[in-house]
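Take a look at the letters that make up each chain.
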Amino acid sequence: MSIEYPGKFWKDYELVDSGDGEKLERFGNYYMIRPEPKALWSKTLTAGEWERAAHTRFRPGAGFGKAGKEDSGTWERLKRTDDQWYIRYNGAQKGLDFTLRLGLTSFKHVGVFPEQAANWEYIFRETSALVSKAGTDAEGRIIRPKVLNLFAYTGAASLAAKAAGADVTHLDSVRQVVTWARGNMESSRLDGIRWVVEDALKFARREARRGNVYQGIILDPPAYGHGPDGEKWKLDECLYDMMKCVSAILAPKDSFMVLNLYSNGFSPLLGETVVREAFGLVGPVRPAANPEHDGRQEQSAILESGELALSDRTGKALPLSIFVRLKR
């Protein structure tokens, strides 16, 4: 298991301090205070230093502590703050460069999950490798690997795959969020992403029936959610079925999958076991020789898992999600 952090080269984001159930962050030129239940330790800076630095503070509302509604609330403006502003991600790899619009929503989210930067780097690297391996067709056109981003939110992972040269399908069940993602694509001077507003599980099942496959699949499912037609999503009940569908539509070779999970009840080991079982992987998931075991195929694959975290100015590590990545 590994622990990964955003690179220090990212100048538009910083976790300044954390503790007492909150975090003080900088997004571009704006500092904000947001609830963070995982910050169980004490703050390093004083309360006065937090207040003087912050432009806004998020106050949890009546939904705090209620499943699916715990992030609702209101923003308290401590200084002048624009409703919307932009930040840029310049990655560690040449060509990984995109722009994200941020905004103060009715939830504590602002349009980006900074700890995901490590996944963006992985997606860009693996997609670039697939593009290089695929080469060109008979007419000299680049053969673009197909990448599917499910539960895609405002699209940073979609932009990473697109910047690497993929043919990207971006899916989310909330139309306003897909519109937000499209604006991020345009601000980043990219184009050609396919936009889908649909329930992720329903879409994956249909793609499996049609025999469609992708060379890259990205998933960042919420603990709770609803599709555009009222479909209910509960991570504990749906994740395994979702991964079974993904196993059916991920290309059997020259492909990758990234699964990210925020639910407090999930560990890297649990996520890895779900993926192993859904894909029928057995034994050490590395290039191996045994052809059969319990009726399942030993695949030439690399499976890795770990945590995505942020580190504040004094080095306190704040773990925020777990990831599982499959490459074959």
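Note: the structure precedes this text.
Residues numbered from 1 in each chain as written. Predicted model: local features only at pLDDT ≥ 70, side-chain atom pairs only at ≥ 80, totals over all residues. Heavy atoms only, no water.

It is not clear to me how the packing of aromatic side chains should be interpreted in this structure. Could you clarify?
The way to describe two aromatic rings as a pair is by their centre distance and the angle between their planes. Enumeration over the complete set of coordinates arrives at 14 aromatic pairs. An angle of 55 degrees between the planes, with centres 5.0 Å apart, marks the rings of Tyr13 and Phe27 as tilted. One end of the pair, Tyr13, is in strand S2 (residues 13-19); the other, Phe27, is in strand S3 (residues 22-27), and 14 residues separate them in sequence. Neither residue differs from the other here; Tyr13 and Phe27 are each classed as buried. Aromatic pair Phe113 and Tyr153: ring centres 5.2 Å apart, planes at 40 degrees, arrangement tilted. Taken together, the residues Phe113 in the loop between strand S8 (97-103) and helix H2 (117-134) and Tyr153 in the loop between strand S9 (146-150) and helix H3 (156-163) connect sequence positions 40 residues apart. Taken together through their ring pairs, the aromatic side chains of Phe9, Trp10, Tyr13, Phe27, Tyr89, Phe98 and Trp120 make up a single cluster. The ring of Trp180 carries the charged tip of Arg101 above its face, separated from the ring centre by 4.3 Å. (Phe/Tyr/Trp six-rings, centres within 6.5 Å; stacked < 30°, edge-to-face > 60°. Helix = DSSP H or I, 4+ residues; strand = E, 2+ residues; numbered from the N terminus. Buried < 20%, exposed > 50% of the residue type's maximum accessible area, 1.4 Å probe, protein only. Lys NZ or Arg CZ within 6 Å of the ring centre and 35° of its normal.)

What is the right way to look at the environment of Pro37 in this model?
With respect to the secondary-structure elements, Pro37 resides in the loop between strand S4 (30-35) and helix H1 (47-53). Assessed through its relative accessible area of 51%, Pro37 is described here as exposed. Considering only alpha carbons, one finds Pro37 and Arg88, 51 residues apart in sequence, at a separation of 27 Å.

Hey, could you run me through the pairing of S2 in this one?
Most of S2 is tucked away: 6 of the 7 residues are buried. By the bridge criterion, 6 bridges tie S2 to S3 in an arrangement that is antiparallel. Across the sheet, the residue bridging to Gly19 is Glu22, located in S3. Counting the residues between successive antiparallel strands, the hairpin from S2 to S3 contains 2 residues, one of them, Asp20, with a positive phi of roughly 55 degrees. (Pairing = 2+ DSSP bridges.)

Help me understand the side chain of Thr127, please; the structure alone is not making it clear to me.
Mapped onto the elements of the fold, Thr127 is located in helix H2. Of the polar contacts made by the side chain of Thr127, one reaches the backbone oxygen of Ile123; its length is 2.7 Å. Contacts of Thr127, omitting those with residues within four sequence positions, involve Pro145, Val147, Ala161, Ala164, Ala166 and Phe256. (Polar contact = N/O pair within 3.5 Å; in protein donor to acceptor, adjacent residues only side chain to side chain. Contact = heavy atoms within 4.5 Å.)

Just checking my understanding: could you explain helix H6 (residues 235-249) for this structure?
An ideal rise of 1.5 Å per residue puts 21 Å on 15 residues; H6 measures up with 20 Å between its terminal C-alpha atoms. Burial in H6 covers these residues: Leu235, Cys238, Leu239, Met242, Met243, Cys245, Val246 and Ile249. Angular distribution of buried residues about the axis of H6 spans 160 degrees; they occupy a single face of the element. Along its buried surface, H6 packs onto S9, helix H5 (200-210), strand S12 (216-219), strand S14 (232-234), strand S15 (256-261) and helix H7 (268-279). (Expected span 1.5 Å × (residues − 1). Arc of directions from axis to C-beta.)

Please clarify how the side chain of Lys108 should be interpreted in this entry.
Turning to its location among the elements, Lys108 is positioned in the loop between S8 and H2. Here the side chain of Lys108 touches Pro35 through a polar contact of 3.4 Å, landing on its backbone oxygen.

What is the right way to look at the packing of H6 against H7 in this model?
Each pair of packed helices can be summarised by the angle the axes make with each other and by the distance between the axes. Two numbers describe how H6 lies on H7: the axes approach to 8 Å, and their chain directions differ by 50 degrees. Between H6 and H7, the interaxial angle falls into the category oblique. When you trace H6 past H7, the crossing you get is right-handed. Touching Leu239, Tyr240, Met243, Lys244, Val246 and Ser247 of H6 are Val274, Val275, Glu277, Ala278 and Phe279, all from H7. Class assignment of the residues belonging to the contact of H6 with H7 gives a composition of 8 nonpolar, 1 polar and 2 charged. (Axes fitted to C-alpha atoms, helices over the stretch in contact; angles between N-to-C directions. Parallel < 35°, antiparallel > 145°, perpendicular 65-115°, else oblique. Left-handed = near helix turned anticlockwise from the far one by under 90°. Nonpolar A, V, L, I, M, F, W, Y, C, P; charged D, E, K, R; others polar.)

Sorry if this is basic, but what is going on with the sheet that holds strand S6 (residues 73-77) here?
Strand order in the open sheet formed by 5 strands is S2-S3-S4-S5-S6, with mixed pairing between adjacent strands. Unpaired on one side and paired on the other, S2 and S6 mark the two borders of the sheet. Recorded for the sheet is a direction-independent mean angle of 20 degrees between the axes of neighbouring strands.

Where do I start with the sheet that holds strand S11 (residues 194-197) in this structure?
Adjacent strands of a sheet pair through backbone hydrogen bonds, lying either parallel or antiparallel. As summarised here, the arrangement of the 8 strands in space is S1-S18-S19-S15-S12-S9-S10-S11, forming an open sheet in which the pairing is mixed. At either margin of the open sheet sits one strand with a lone partner, and together these are strand S1 (2-4) and S11. Looking at each pair of strands side by side, their axes are set apart by 20 degrees on average, direction ignored.

Just checking my understanding: could you explain the pattern of salt bridges for this structure?
Opposite charge on two side chains lets them pair, provided their charged atoms get close. Enumeration according to the criterion identifies 24 salt bridges in this entry. Notably, a salt bridge pairs Lys23 with Glu36, separated by 3.2 Å at the nearest N-O pair. Residue Lys23 is found in strand S3, and its partner Glu36 is found in the loop between S4 and H1; the two are separated by 13 residues along the sequence. Taking the relative accessible area as the measure of exposure, Lys23 reaches 8% and is therefore buried. One salt bridge connects Asp254 with Lys133, and the closest N-O pair in it is separated by 3.0 Å. Linking Asp254 in the loop between H6 and S15 with Lys133 in helix H2, this pair joins segments that are 121 residues apart in sequence. For Asp254, a relative accessible area of 29% gives the class partly exposed. Here the salt bridges do not stand alone but share partners, grouping Glu22, Lys43, Glu51 and Arg57 into one network. (Salt bridge = Lys/Arg side-chain N within 4 Å of Asp/Glu carboxyl O.)

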